[in-house]
Amino acid sequence: MNTFSHQPYRDQYASNDKIAVLLAHGGTFVAWLLAPLLVYLIKKGDSKYVEFHALQSLLWSLTGTAVSVVTCGLAIPVFMVFHGIAVWRTLQGVEYEYPLVGEFSRKLVYGS
């Protein structure tokens, strides 16, 4: 876990960005890959904060899809728990990074 993952961001970003992040994470409960993909495509280049969260949510969903194919769908609930945690953390105003794909997403978006 990095030091960035628990820093409050409550006043750092516009409320529209927070809503977009909630849609990227929470939208997976309704539209597994489509929700984070749409948020990513719409906000790419406009908000690095939203772009990062949408990309990691999308990559987490893609990872979940691959693992679920191998486990005949048994992994889906596990991956959904992490999406739920991301929604909860966003609502609390705490930064969240998914395991495995969070750091990769950060490097792609922020270059660091």
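As recorded in an unreviewed UniProt entry, the chain goes by DUF4870 domain-containing protein and comes from Pendulispora brunnea. The heading Subcellular location (unreviewed entry) in the UniProt record of the chain holds the text "Membrane".

Peer 1: Please explain the UniProt feature "transmembrane region" (unreviewed entry) in the chain as it appears in this structure.
Peer 2: If you check UniProt for "transmembrane region" (unreviewed entry), the listed places come out as residues 20-42 and 62-82 in our numbering. Secondary structure across residues 62-82 comprises 76% helix and 0% strand; the distance between its end C-alpha atoms is 13 Å.

Peer 1: Honestly, the nonpolar core in this entry has me stumped. Any pointers?
Peer 2: One broad rule of soluble globular proteins: the nonpolar side chains tend to lie buried together. Counting residues in each nonpolar core, the largest one holds 19 residues, and the members touching the most others are V39, V50, A54, L55, W60, Y98 and V101. Of all the secondary structure elements, the ones that give two or more residues to this core are α1 (15-26), α2 (34-43), α3 (48-70) and α4 (76-92). Per-element accounting of this core gives the leading share, seven residues, to α3. Once residues lying within four places of it in the same chain are set aside, the contact partners of V39 are A20, L23, A24, V50 and A54.

Peer 1: Help me understand the pattern of salt bridges, please; the structure alone is not making it clear to me.
Peer 2: Tallying each qualifying case throughout the model produces four salt bridges. Two residues, K43 and D17, come together in a salt bridge whose shortest N-O distance is 3.4 Å. Of this pair, K43 sits in helix α2 while D17 sits in helix α1, and the two are 26 residues apart along the sequence. For K43, a relative accessible area of 14% puts it in the buried group. Its relative accessible area of 11% is what places D17 among the buried residues. Taken together, the salt bridges that share partners define one network made up of D17, K43 and D46.

Peer 1: Can you walk me through the confidence of the model for the chain in this structure?
Peer 2: Interpretation of the predicted coordinates at a detailed level should be avoided for regions scoring low in pLDDT. Counting all residues, the mean pLDDT for the chain is 90, and 88% of those residues have values of 70 or more. Scored below 50 in pLDDT, residues 1-8 makes 16 contacts in the model with residues more than four places away or belonging to other chains.

Peer 1: What exactly am I supposed to notice about α1 here?
Peer 2: Given 3.6 residues per helical turn, the α-helix brings residues three or four places apart onto the same face. In this model α1 runs 16 Å from its N-terminal to its C-terminal C-alpha over twelve residues, within 8% of the 16 Å that 1.5 Å per residue would give. For α1, the set of buried residues is D17, A20, V21, A24 and H25. One side of α1 carries all its buried residues, which in axial view fall inside an arc of 130 degrees. Residues of α1 that are exposed and angled more than 90 degrees away from the buried face: S15, N16 and L23. Buried residues along α1 sit against α2, α3 and α4.

Cut-offs and rules
- Residues numbered from 1 in each chain as written.
- Predicted model: local features only at pLDDT ≥ 70, side-chain atom pairs only at ≥ 80, totals over all residues.
- Heavy atoms only, no water.
- UniProt positions renumbered as here; feature names shortened; annotations may be inferred.
- Helix = DSSP H or I, 4+ residues; strand = E, 2+ residues; numbered from the N terminus.
- Core = buried A, V, L, I, M, F, W, Y, C linked by side-chain atoms within 4.5 Å.
- Buried < 20%, exposed > 50% of the residue type's maximum accessible area, 1.4 Å probe, protein only.
- Contact = heavy atoms within 4.5 Å.
- Salt bridge = Lys/Arg side-chain N within 4 Å of Asp/Glu carboxyl O.
- pLDDT = per-residue confidence, 0-100.
- Expected span 1.5 Å × (residues − 1).
- Arc of directions from axis to C-beta.

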